[in-house]
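What follows is each chain in one-letter form.
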Amino acid sequence: MSNSMDDVAKHAQTFFIIGSNTTEQHPVFGTMIRRAVKYRGAKLIVADPRKIDITEIATLHLRQRPGTDIALINGLMYIILEKGWEDKTFIDERCENFDEFKATVMEYPPEKVAEITNIPVEQLYETAEIIATSKPTAVIWAMGITQHIVGVRNVMDLANLQMLLGNMGVPGGGVNPLRGQNNVQGACDMGGLPNVFPAYQPVTNPEVIEKYGTAWGLKVEGLKGEGENLQPATFQLSNRIGMTVTEMMPGILEGKTKLLYILGEDPVMSDPDTKHIRHCLEELDFLLLQEIFPSETSVYADVLLPGVTFAEKTGTFTNTERRVQIVRQAIPTQGDARNDWWITAEIAKRVLNIRMKDEGGRMNENAPYASWNYKDASAIMDEINALVPSYGGVTHTRLEAGERLQWPCPTKDHPGTPILHTKQFTRGKGKFMPIDHISPAEKPDDDYPMLMSTGRVIYHWHGGQMTRRAKGIMEVYGEALIEVNPDDAIKIGINGKTHIRVTSRRGMIEAKAWVTDRVPPGMIYANFHFPAASANELTHAALDPTAKIPEYKITAVKVELA
Ligand SMILES: Nc1nc2c(c(=O)[nH]1)N[C@H]1C(S)=C(S)[C@@H](COP(=O)(O)OP(=O)(O)OC[C@H]3O[C@@H](n4cnc5c(=O)[nH]c(N)nc54)[C@H](O)[C@@H]3O)O[C@H]1N2
Ligand SMILES: Nc1nc2c(c(=O)[nH]1)N[C@H]1C(S)=C(S)[C@@H](COP(=O)(O)OP(=O)(O)OC[C@H]3O[C@@H](n4cnc5c(=O)[nH]c(N)nc54)[C@H](O)[C@@H]3O)O[C@H]1N2
Ligand SMILES: [Mo]
């Protein structure tokens, strides 16, 4: 998030929630927004094809056709420009490329947008007026925006909207993606991405390679070759961009991936097109899985290493508003389990030794962070403080003392940064991007006439390895339910029966129907919490070209009685 939860809950005059089931999937923040709407009178626009819980308190609920968000956002910006509601000073002083952007937006008059999105023209005008006049507006989104082949373009267009309205760098405004997993933000910050080192420093930047190579003892002068062919050589960190998960899996069948080390993921449940994933894992040479439970994926593992749960570890999680939070070990480690960081370090040491031996080099053992012998989690944080600029001042000591720190926090006396981009953007000027609507990869047709959207329910967590083990939860929600609109239920002939069969070009599942107007006619909604009826048997791996995220939100399906 560019802003903070407290900040937008306190200062936003309007919340524009687009593609986030906020009260069910982010209940803490959802509650803060609910209170702001109920007690402070803040306005709330929800753009979501489904009638999710938070729409009950919305000023307006826009029910767009799935996969048409760009048309919607462009349509709103068209009206804002038509009425002269844009923030001219902000655009002039802080942004560039306005004219090219405007030319694209002008291609999206309300009538055309209504046709693409199925949102009435009057609602478009009403929405534009609310977000442009009850300022600042905080834009909030999650997977309804990103899990599309246009995920990145959707996000860029929301940034366009906020620059157009001058809602960036101000309290109560901003672009606010809600991060999902407890530490997904921290994992990205620490370089858990194929193209960057920690703090988003590109792996292709020679200065960054030099910096980390030196610190980690991996920039060494050595010798290469054998016997008489020994040559002096410099070893350094690779500057090659790696693969994303969604490239590694198909990479198995292309011979590009030989070995996988999976840490806390259950791809048989969570990756698209389960049959294909199972096939890939069968073909894989070697799978090392680090887990807290046997999972659907563990049957494919050659080696299963027991990591520890959140309750057994000390360390930090970085949340959606860039706040680093300390967690402390509450119960003793169970059985043979070990800290995840310890296991990773032990593997890393051995891999490094083998690599060095193969290449004839030697690590520089005097380098400050070459050893991988960490005493505890705070020793890892010391290294982060030294090497990751935005975390420079986020020390365990400060966190233990109760300081609430949000990065960037470069030094030990820096208070942290609740709001980003207050004076300028990371690249300097904010660049308006001309973004056109593109149709989803798969469209309903004669064979598969309905559209399936997928996501979560409040009671379960992803593949359900943790929540399906909780008795109380299973009593409340013990099997997969598929949301079906009453009109469709009549057409399918449910009429007192309970179970439906859903088929896509990849597979088939059978589950109980939940007949409800939460979904519009023509659309069903399924989850991936239960192996017996996981939506991912049906989904497909059409990827966003930049982020490589799959289009989980749109699959063409056929629905019949089971
Ligand atoms: N209980 C629970 N909470 C969770 C999780 C969990 O598994 N269980 N997972 C966590 C994780 S990792 C994540 S990423 C988050 C996800 O949090 P969210 O993204 O809020 O949840 P989703 O269920 O993926 O769906 C988001 C919304 O997008 C809507 N949607 C579908 N298609 C479109 C579209 O084309 N356009 C728009 N605008 N909206 C669309 C759906 O109707 C849905 O309401 O939740 C986190 N919180
Ligand atoms: N159809 C469809 N598919 C989706 C999505 C969707 O909306 N629709 N959403 C996608 C999204 S946003 C996400 S984030 C993914 C999530 O997908 P996954 O990350 O695969 O799912 P999780 O169930 O969160 O976690 C995987 C495993 O981590 C283990 N685990 C938990 N804590 C620890 C720990 O501390 N250490 C170790 N070593 N293991 C641990 C659990 O036992 C679990 O089996 O699913 C994606 N898949
Ligand atoms: Mo997620």
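Residues numbered from 1 in each chain as written. Chains lettered and ligands numbered in written order. Predicted model: local features only at pLDDT ≥ 70, side-chain atom pairs only at ≥ 80, totals over all residues. Heavy atoms only, no water.

**Student:** What's the story with the overall build of the protein in this structure? I'm lost.
**Tutor:** Assigned secondary structure in the protein consists of 20 helices and 23 strands. Compactness check: the protein gives a C-alpha radius of gyration of 25 Å against a globular reference of 24 Å for 562 residues, within 12% of the reference. For the protein, the spread of C-alpha atoms along the principal axes amounts to about 80 × 60 × 50 Å. Out of the 562 residues belonging to the protein, those deemed buried represent 51%. (Helix = DSSP H or I, 4+ residues; strand = E, 2+ residues; numbered from the N terminus. Rg over C-alpha atoms; globule rule 2.2 N^0.38 Å. Buried < 20%, exposed > 50% of the residue type's maximum accessible area, 1.4 Å probe, protein only.)

**Student:** It is not clear to me how the site of ligand 1 should be interpreted in this structure. Could you clarify?
**Tutor:** The local shell around ligand 1 holds 32 residues, among which Gln25, Asp48, Asp69, Arg456 and His460 are the closest. Between Ala47 and ligand 1, the recorded distance is 3.4 Å, taken from a backbone N or O atom to a nitrogen atom. With respect to ligand 1, the backbone of Val457 contributes an N or O atom lying 3.4 Å from a nitrogen atom. Surface burial for ligand 1 is 96%, taken as the share of its 920 Å² of free accessible area covered by protein chains. Elements represented by at least two residues in the shell around ligand 1 include exactly helix 2 (22-25), helix 9 (143-146) and strand 18 (450-455). Looking at side-chain class alone, the shell around ligand 1 contains eleven nonpolar, 15 polar and six charged residues. The residues that make up the shell around ligand 1 include at least three from each of domain 1 (5-178) and domain 3 (450-561). (Near = heavy atom within 4 Å. Polar contact = N/O pair within 3.5 Å; in protein donor to acceptor, adjacent residues only side chain to side chain. Areas by Shrake-Rupley, 256 points an atom, 1.4 Å probe, with all protein chains shown as cover. Nonpolar A, V, L, I, M, F, W, Y, C, P; charged D, E, K, R; others polar. Domains from an automatic or database assignment.)

**Student:** Quick question: what am I supposed to make of the environment of Ile70 here?
**Tutor:** Relative to the helices and strands, Ile70 is located in helix 4 (residues 69-83). If sequence neighbours within four positions are ignored, Ile70 has contacts with Val150, Arg153, Asn154, Asp157, Ile435, Asp436 and His437. (Contact = heavy atoms within 4.5 Å.)

**Student:** Is there a simple way to explain helix 6 (residues 98-105) in this structure?
**Tutor:** Think of an α-helix as 3.6 residues a turn; residues three or four steps apart then line up on the same face. For helix 6, the set of buried residues is Phe98, Phe101, Thr104 and Val105. Angular distribution of buried residues about the axis of helix 6 spans 125°; they occupy a single face of the element. Where helix 6 is buried, its residues touch helix 4, helix 5 (88-94), strand 4 (95-96) and helix 10 (151-164). (Arc of directions from axis to C-beta.)

**Student:** When you look at the sheet that holds strand 15 (residues 323-327) in this model, what are you seeing that I'm missing?
**Tutor:** Whenever strands of a sheet pair, they do so through backbone hydrogen bonds, lying parallel or antiparallel. Spatial ordering of the open sheet is given by 14-15-16, a layout of three strands whose pairing is antiparallel. Either end of the sheet is taken by a strand with one partner, and the two such strands are strand 14 (315-318) and strand 16 (405-406). Across four bridges, strand 14 lies against strand 15 in antiparallel orientation. Across the sheet, residue Gly315 finds its bridge partner in strand 15, namely Val327. (Pairing = 2+ DSSP bridges.)

**Student:** Explanation requested: the packing of helix 4 against helix 7 (residues 110-117) in the structure shown.
**Tutor:** Think of two packed helices as two axes; the pair is described by the angle between the axes and how far apart they sit. The interhelical angle for the contact between helix 4 and helix 7, taken along N-to-C directions, is 160°, at an axis separation of 9 Å. The angle between helix 4 and helix 7 falls in the class roughly antiparallel. Viewed along their axes, helix 4 and helix 7 form a crossing whose handedness is left-handed. Along the contact surface, helix 4 presents Ala71, Leu72, Gly75, Tyr78 and Ile79, while helix 7 presents Pro110, Val113, Ile116 and Thr117. Classifying every residue of the contact of helix 4 with helix 7 gives seven nonpolar, two polar and no charged. (Axes fitted to C-alpha atoms, helices over the stretch in contact; angles between N-to-C directions. Parallel < 35°, antiparallel > 145°, perpendicular 65-115°, else oblique. Left-handed = near helix turned anticlockwise from the far one by under 90°.)

**Student:** When you look at the domain arrangement of the protein in this model, what are you seeing that I'm missing?
**Tutor:** Reports often express the size of an interface as the amount of accessible area lost when the parts come together. Per the domain assignment, the segments making up the protein are domain 1 (5-178), domain 2 (186-257 + 307-400) and domain 3 (450-561). One C-alpha centre belongs to domain 1, the other to domain 3, and the line joining them spans 27 Å. Buried surface at the junction of domain 1 and domain 3, both sides included, amounts to about 1800 Å², of which 54% is carbon and sulfur. Sorting the residues of domain 1 by area buried against domain 3 places Arg50, Gln147 and Ile149 first, and these three jointly supply 37% of that buried surface. The interface formed by domain 1 and domain 3 includes four salt bridges. Linking Lys51 and Asp517 is a salt bridge whose minimum nitrogen-to-oxygen distance equals 2.8 Å. When residues of the side of domain 1 that touches domain 3 are traced back to their parent elements, those giving at least two are helix 2, helix 9 and helix 10. Along the lines of polarity and charge, the residues of the side of domain 1 that touches domain 3 split into seven nonpolar, nine polar and five charged. (Buried area = accessible area lost by both parts, 1.4 Å probe. Salt bridge = Lys/Arg side-chain N within 4 Å of Asp/Glu carboxyl O.)

**Student:** Looking at this model, I keep getting lost on the pairing of strand 15. Mind explaining?
**Tutor:** The side chains of a regular strand alternate, first on one face of the sheet and then on the other. Here strand 14 folds back onto strand 15 in antiparallel fashion, the turn holding four residues, of which Arg322 has a positive phi close to 65°. As paired elements, strand 15 and strand 16 share two bridges and run antiparallel to each other. Its bridge partner lying in strand 16, Val324 is registered against Leu405.

**Student:** What is the right way to read the pattern of salt bridges from this model?
**Tutor:** A side chain of one charge can pair with a side chain of the opposite charge if their charged atoms are brought near each other. Per the counting criterion, the structure on display carries 23 salt bridges. For the salt bridge of Lys548 with Glu247, the shortest nitrogen-to-oxygen distance reads 3.4 Å. Separated by 301 residues along the polypeptide, Lys548 in the loop between strand 22 (523-527) and strand 23 (555-561) and Glu247 in helix 13 (residues 245-253) bring together distant segments of the chain. For Lys548, a relative accessible area of 24% gives the class partly exposed. Between Glu321 and Arg323 there is a salt bridge; the shortest N-O distance is 2.8 Å.

**Student:** What should I look at first to understand the site of ligand 2 in this one?
**Tutor:** Taken together, 27 residues are adjacent to ligand 2, and Ser270, Glu291, Lys313, His462 and Asn536 come closest. Here Lys553 contributes a side-chain N or O atom positioned 3.2 Å from an oxygen atom of ligand 2. Across the complex, the protein chains shield 88% of the 920 Å² of accessible surface that ligand 2 would expose by itself. Of all elements in the fold, only strand 12 (286-291) and strand 18 reach the threshold of two or more residues within the shell around ligand 2. Shared between two domains, the shell around ligand 2 holds at least three residues of each, these being domain 2 (186-257 + 307-400) and domain 3 (450-561).

**Student:** Before we go on, may I ask you to explain the environment of Tyr391 in this structure?
**Tutor:** Within the secondary structure, Tyr391 sits in the loop between helix 17 (377-387) and helix 18 (396-400). In this structure, the C-alpha to C-alpha distance between Tyr391 and Lys224, residues 167 residues apart in sequence, is 37 Å. Residues contacting Tyr391, with those up to four places away along its chain left out, are Gly186, Asp189, Met190, Thr318, Val324, Ile384, Asn385, Trp407 and Cys409.

**Student:** Explain the pairing of strand 23 to me, please; I cannot follow it from the model alone.
**Tutor:** Note: strand 18 against strand 23, three bridges, orientation antiparallel. Each bridged residue has a counterpart across the sheet, and for Met452 the counterpart in strand 23 is Thr555. Both strand 20 (residues 499-503) and strand 23 contribute to a ladder of four bridges, which runs antiparallel. Looking across to strand 23, one finds that Thr503 is bridged to Lys558.

**Student:** Would you mind showing me how to read the nonpolar core here?
**Tutor:** Generally speaking, a soluble globular protein has its nonpolar side chains buried in company with each other. Counting residues in each nonpolar core, the largest one holds 41 residues, and the members touching the most others are Phe16, Ile18, Leu161 and Leu164. The leading source of residues in this core is helix 4, at nine residues. The residues touching Leu161, leaving out its near neighbours within four places in the chain, are Phe16, Ile73, Met77, Ile80, Ile131 and Val139. (Core = buried A, V, L, I, M, F, W, Y, C linked by side-chain atoms within 4.5 Å.)

**Student:** Explain the packing of aromatic side chains here, please?
**Tutor:** Any aromatic ring pair is given by two values, namely how distant the centres are and how the planes are angled relative to each other. Here the structure, examined in full by the defined rule, presents twelve aromatic pairs. Pairing Phe98 with Phe432 gives two aromatic rings, centres 5.5 Å apart and planes at 70°, and the pair type is edge-to-face. On the criterion of sequence distance, the pair formed by Phe98 in helix 6 and Phe432 in the loop between strand 17 (430-431) and strand 18 is long-range, its members being 334 residues apart. Ring plane angle 40° and centroid distance 6.3 Å describe the contact between Tyr200 and Trp407, whose orientation is recorded as tilted. (Phe/Tyr/Trp six-rings, centres within 6.5 Å; stacked < 30°, edge-to-face > 60°.)

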